[in-house]
Every structure is written in structure tokens, then in C-alpha cells.
Amino acid sequence: MDIGGLETVVANSAYVSARGGPGAGRDRRSKAQLRLPHISQCEALRAQLGGTAGAQNGGPGAPNGAPPARTQDGGQETSFRWQCVEQPIGKLLFRRFLEGAPQFAAAGALWSEIEAFERCEDAEREGTAKRLRSRFFTPGGSEHCGFLSAGATAPPAGDAFAQARQELLAHLEAAAWAPYRASPEFSRFVQFKWLESQAVNADAFVEFRVLGKGGFGEVCACQRRATGKMYANKRLNKKRLKKRNGYEAALVEKRILARVHSRFIVSLACAFQTKTDLCLVMTIMNGGDLRFHIYNVDEENPGFAEPRAVFYTAQILLGLEHLHQHRIVYRDLKPENVLLDDAGHVRLSDMGLAIEIKEGENKTRGYAGTPGFMAPELLKNEDYDFSVDYFTLGVTIYEMLEAKGPFRRRGEKVENKEVTRRILHDPVSYSDKFSAAAREACEGLLAKDPQSRLGFRGNDCGQLKAQPFFKGINWGRLEAGLVPPPFVPDPRRVYAKDLADVGAFSTVKGVELDGGDAALFDAFASGTVPIPWQEELIETGVFDELNVWGAPGTLPPDLDP
Ligand code: ADP
Ligand code: MG
Ligand code: MG
């Protein structure tokens, strides 16, 4: 074996053993640093988050406070949804509060049961719905939720409890949120927010091997010392960014990644800087990209059988829907940008070409994407919207099934100009690898006219999800991560190039960094992103270790003023 090969083996084995499961490689000293502060240290933060100061003994029944003052971020930080529904630790603590308060316990239980219903197997839906109705919707019952309207308790079939859920949250916001903000559970939430707001830098992580090479730097595996959680660290070299005018794109990528939270898009855990680099710490995707799996795993027989393609397409579709609900056009969907995790679930990655449609507008413009994937309206230099991403979805499905793009013959070298001509004018042909349902889905997505293309209508992809191609998909369970993937990557294999093949960067010459650059780097290095950080604490067990409560009716020492 040559030296490069040996280096790869050593790097792979360190990395494979570090990722050997939750808690593996957790570092004692760093773990000790992850401690909740005494609540008296957090009073400023409590005020900022709208807590009722000095009332942490109040518990349920405390006087109703006014809603918290709006903060600089437009109020998100202090909104009920953000504090009690969207942030995972916030939600757990709010639920604990509801359970312990007799007047809210039924509402809290209803909330859990509606979520369980949304995740249940098709065969269990009817029975679960029936039990839920008799438990919470029967007048006179001990858990009757009288705050629900007649419409919510006798829903039309289909979205059975969507309205009940909405009314339930409105009720909790009006009735339970103020007493919650005076409760010990809210104090505990403030302690976690304090911990979350502590600065991060490179010392928080151990670095492992390079996973891939990007335009401005390498992507390495890394592990948070304090929790043992593995991440991918995408480095953007500061001087290379400056030399190639990459600042705007780096900021856009960071901002978009920090805004979206979906199981089907890589998450950003934090953004920080070192002397030389800007760093994006993201969900690690160990299983390689879809392009690799289509072409390189079984070279004799490339492409996927239809059920496997349906599974990936459904997950990609949920990722796209989430982006579009946040007004983001991805523009670069292709098999290479869809990455597999350890379990075989996929996520969209590389938001480098994504763009946000401005508030008050409904279209954007600009030539961006990958030849062979770009939609006709974009190629014709017209204004466009989310429609371009459904065209790329059609190309991606086609490639998964046929192991070639729809506008290219296998192995053909063809100029971009000719590919563009074909996309604009040529019909797509389908081999017998396409079932009638697969062909119908591709035809609907590859429609040249964006008006008649399948896609995002009325804030979701309902029409597309109802296609026969997806008839085997339980969308609720898929959304919850409960559908087992059709293929599980080999845990001992590293689905990345050998180190020697990744390729090195040349040093950047003739660029000096100044104060203006520093201001931009500071804007980039915004630190920890709340949702992924809270998920990490929960999933690694650190949340449970820190969230310790005394005997009922007493306060734990760190909450006792
Ligand atoms: P660029 O935008 O500069 O092209 P990418 O985001 O595409 O950078 O990342 C470069 C390469 O790094 C990818 O092709 C892939 O091999 C690897 N990579 C990127 N993100 C991850 C991740 N989250 N997990 C594992 N590998 C990744
Ligand atoms: Mg890339
Ligand atoms: Mg990119």
C-alpha cells in the first residue's frame, strides 16, 4: 500500500471509531464545561425572553402577564410559537409545565395524542382517531377539551385534527403561556438559552478526515467534544473568498441554512470563524451522494429500482416543499447534491446557488444551476419562481431510474448549447424502466411550460404528493422519519474519495484582509443555531443529564433564588 493509501486507512479508522454511536468519544473535561448557570446569572436573558422576573415560584395560577415586549429580531425570539412549539427544549419544558398544571393537563395530553395520530401507521389511523375523540371530545369526560369549536371536534375526513391542533395552540397561547412564563420550567428554559448563547469556536470540535472538497475549502468530519455528536465542517477560506468575490454567496448560504429546519435539508448547527476560515458546521451525511449510488455502487447495473427512487423522491420533495414555504428557490437540485446519512435517509445540501424571493414579490431571476437540469423559463432568461425546482426534480427522478439524464445520451459529450436546445424544444423519451406512474410523474414535472408543470400550489405540494407515483408513501410517517429507508449504507465503509484523490488547494496570493473584511466575517460568524443545538442535547442525552428536578413542590438548587 502506498503512503496516501495508508494515510486514508488511518484517517478512516479514527473517523469510523469516533462515529461509533451516541456518546462515543465524548470528552470528560468539555462535558464538565456544559453546565447550567445558576438562575440568578440569567436575569437579563429572562427579561429579554419575556419571563416574569422574580416569579419563578409562581407556577400555575400566577397572575397573567402581558405578552413580552418585542425584540430587535422582529419578535420571533419572544413569540409563543418559537418558544413553546418550534424550539425542541422549549417545547419539552412547556409540555412538562402543562402536565404538572391540573387546568392544562388535558390540553397537554391532547397535543401529544394529535402528534401521535399524525405519525401513526395507515392501518391504525381510524382506531387512534376514535380513541382520541372519545377521550378529549366527549362532553362531561374528565379530559374533555371544552375550548374546541364544533368544527374542530367533528372534522371532515382527511386532515382529521388540523383544526383542533390550531385551536389547541391558540388556547394554550391565550391561557397557559403567561403562567408558564412565571414557572420554574420557564426558568429552566432560560438557563438552557443562556448555555446556548455562549460563544463557539474551533476548540469546541475535534477534526477528522476530509470528506470532500468545495469551491472555497475542504469539508471535514468533526465531533463536538462536549456531546460527542458528529458534524461536517465546511470551511470557506477567507482570502480565497475575497479573491473570488465569494462574500455575498457565503452569507446567503449561511443565512438560508440557519433559517430552514427540515429533516430533509442539512441543518446548520453553528457558524464561526478561525483566523483563516469561515466555518459552517452542518449535519454530517456519511452515506455518500445519490450520484455515487446511481452510478458507482453497481457499475454493471446502474440506476435504482422504482421503489427506491420513489422513497428518495418523496424525501427530496419534502425538502423542496420546506424551502418553498420559506420562499427559497434552491436552483441546484441534482443527484450529486442529495446526500445519504448513516440510516439511508437523504437530505438536500449545498445551498450555494439558492436565492430568497423577496417579501412582496413572487418571482426572481438570474442564470444559475447545472447544465442539463435548468428549466426552460430560466434558460429563456424569464423571471421565474419555485417552478424551476420541480423541473430539476423531474430530471433527478429520470436519472435515478434511467442512469442518464433526459437530455443526454449515455456517455455522450455534448455542448451546453445543444443541451439547452433540447431542453427548450425536444420531447423526452421513456424506456420500459418507467412504469406508467413514473412516466406520468416525470412528464408532469418536465412540462416545458411552468404554468402546466406539477409543483408548489397554495403553499404546498398536495397535488404532486397525490400522484400515483407516491401511492405507497405515508407522508406523515415519512415527515417524522419513521419510514425505514430501502437501502442502508455500510457503517464500516467511508463513502468519500481517498484522501489523495480529494485534491489540495493552492495558497492564495496577493490578498490582504482589512477592517471591512473583518466586519463581514463577524456578520457571518453568528454562532449557535438554536433548533439543531437543542436537538443535539436531547438526542445525546445531555438534556436529560442537565434537566434535573427535585422532589415535587421543591425547587432544585440552581433555580432557587
Ligand atoms: P461547494 O458549495 O463549495 O461545492 P459543497 O457544499 O458541495 O461545497 O461541499 C463539497 C463536498 O463536501 C461535497 O461534494 C461532499 O462531498 C462533501 N460534503 C458537503 N457537505 C457534506 C455533509 N454535510 N456531510 C458530508 N459530506 C459533505
Ligand atoms: Mg458542491
Ligand atoms: Mg456550493
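What you see is a predicted model; the values in this text were computed from it and never measured.

What is the right way to look at the overall build of the chain in this model?
Regarding its fold elements, the chain presents 25 helices and ten strands. For 561 residues, the compact-globule estimate of 2.2 N^0.38 gives 24 Å, and the chain sits close to it at 25 Å. Burial analysis of the chain (561 residues in total) assigns 37% to the buried set. In the chain, once contacts between residues fewer than 6 apart in sequence are set aside, the share between residues at least 24 apart is 69%.

Help me understand the UniProt feature "active site" (unreviewed entry) in the chain in this model?
The residues that UniProt annotates with the feature "active site" (unreviewed entry) are D332. The residue D332 is located in the loop between β6 (328–329) and β7 (338–340) in this model. Those residues in contact with D332 that sit more than four places away from it in its chain are N337, D350, L353, G369 and T370.

For this particular structure, what's the right way to read the nonpolar core?
Nonpolar side chains in soluble globular proteins tend to be buried together. Residues A221 and I316 are the most contacted members of the largest nonpolar core, which totals 124 residues. For this core, the leading source of residues is helix α15 (residues 306–325), giving ten residues.

So what exactly am I meant to see when it comes to the site of ligand 1 here?
The full set close to ligand 1 counts 18 residues, and G212, G214, G215, V219 and A232 are the nearest of them. Mapped onto the shell around ligand 1, the elements with two or more residues apiece are β1 (205–213), β3 (230–237) and β5 (277–283). At three residues, β1 tops the list of elements feeding residues into the shell around ligand 1. Each residue belonging to the shell around ligand 1 can be placed in one class, and the counts come to nine nonpolar, six polar and three charged.

I would appreciate a short explanation of unusual backbone geometry in the present structure.
Both trends apply: most residues other than glycine have a negative phi, and most peptide bonds are in trans. Its identity as a non-glycine residue notwithstanding, R331 has a phi of 70 degrees, on the positive side. Taking the C-beta count within 10 Å as the criterion, R331 has 24 such neighbours and is therefore assigned buried. Here N381, not a glycine, exhibits a phi torsion of approximately 65 degrees, which is positive. Its place among the elements puts N381 in the loop between α16 (376–379) and α17 (387–402).

Before we go on, may I ask you to explain the confidence of the model for the chain in this structure?
Interpretation of the predicted coordinates at a detailed level should be avoided for regions scoring low in pLDDT. Looking at the chain, pLDDT values average 90 and 92% of them are 70 or higher. Across residues 55–65, where pLDDT falls below 50, the model places 23 contacts with residues more than four positions away in sequence or in other chains. A low-confidence stretch, residues 69–73 (pLDDT under 50), is modelled with six contacts involving residues beyond four sequence positions or located in other chains. Here the predicted complex scores 0.88 on pTM and 0.98 on ipTM.

Would you take a moment to explain the packing of helix α5 (residues 88–100) against helix α11 (residues 184–196) for this structure?
Relative orientation and spacing of two packed helices are given, respectively, by the angle between their axes and the distance between those axes. Running from N to C, α5 and α11 point in directions that differ by 165 degrees, and their axes come no closer than 9 Å. Viewed along their axes, α5 and α11 adopt a mutual orientation that is roughly antiparallel. The element α5 and its partner α11 pack so that their crossing is right-handed. From α5, I89, G90, L93, F94, R96 and F97 reach across to α11, where they touch E185, R188, F189 and F192. Tallied by class, the residues present in the contact of α5 with α11 amount to six nonpolar, one polar and three charged.

Would you mind going over the environment of G553 with me for this structure?
Note on placement: G553 falls in the segment after α25 (542–546). For G553 and D501, which are 52 residues apart along the polypeptide, the C-alpha to C-alpha distance reads 62 Å.

Even after reading the chapter, I still don't get the packing of helix α6 (residues 105–119) against helix α7 (residues 125–136), so can you show me in this structure?
At their nearest, the axes of α6 and α7 sit 10 Å apart, and the two run at 170 degrees to each other. With respect to each other, α6 and α7 are oriented roughly antiparallel. Taken together, the residues of α7 that come into contact with α6 (itself represented by A106, L110, E113 and F117) are T128, A129, L132 and F136.

Can you help me understand the environment of A129 in this one?
Structurally, A129 can be placed in helix α7. For A129, a count of 18 C-beta atoms within 10 Å gives the class partly exposed. Sequence-wise, A129 and S387 are 258 residues apart; in three dimensions their C-alpha atoms are separated by 36 Å. Apart from residues lying up to four places away in sequence, A129 is in contact with F117 and A160.

The rules behind these values
- Residues numbered from 1 in each chain as written.
- Chains lettered and ligands numbered in written order.
- Predicted model: local features only at pLDDT ≥ 70, side-chain atom pairs only at ≥ 80, totals over all residues.
- Helix = DSSP H or I, 4+ residues; strand = E, 2+ residues; numbered from the N terminus.
- Rg over C-alpha atoms; globule rule 2.2 N^0.38 Å.
- Buried ≥ 20, exposed ≤ 12 C-beta atoms within 10 Å, placed from the backbone.
- Contact = placed C-beta atoms within 7 Å.
- UniProt positions renumbered as here; feature names shortened; annotations may be inferred.
- Core = buried A, V, L, I, M, F, W, Y, C linked by C-beta atoms within 7 Å.
- Near = placed C-beta within 6 Å.
- Nonpolar A, V, L, I, M, F, W, Y, C, P; charged D, E, K, R; others polar.
- pLDDT = per-residue confidence, 0-100.
- Axes fitted to C-alpha atoms, helices over the stretch in contact; angles between N-to-C directions.
- Parallel < 35°, antiparallel > 145°, perpendicular 65-115°, else oblique.
- Left-handed = near helix turned anticlockwise from the far one by under 90°.

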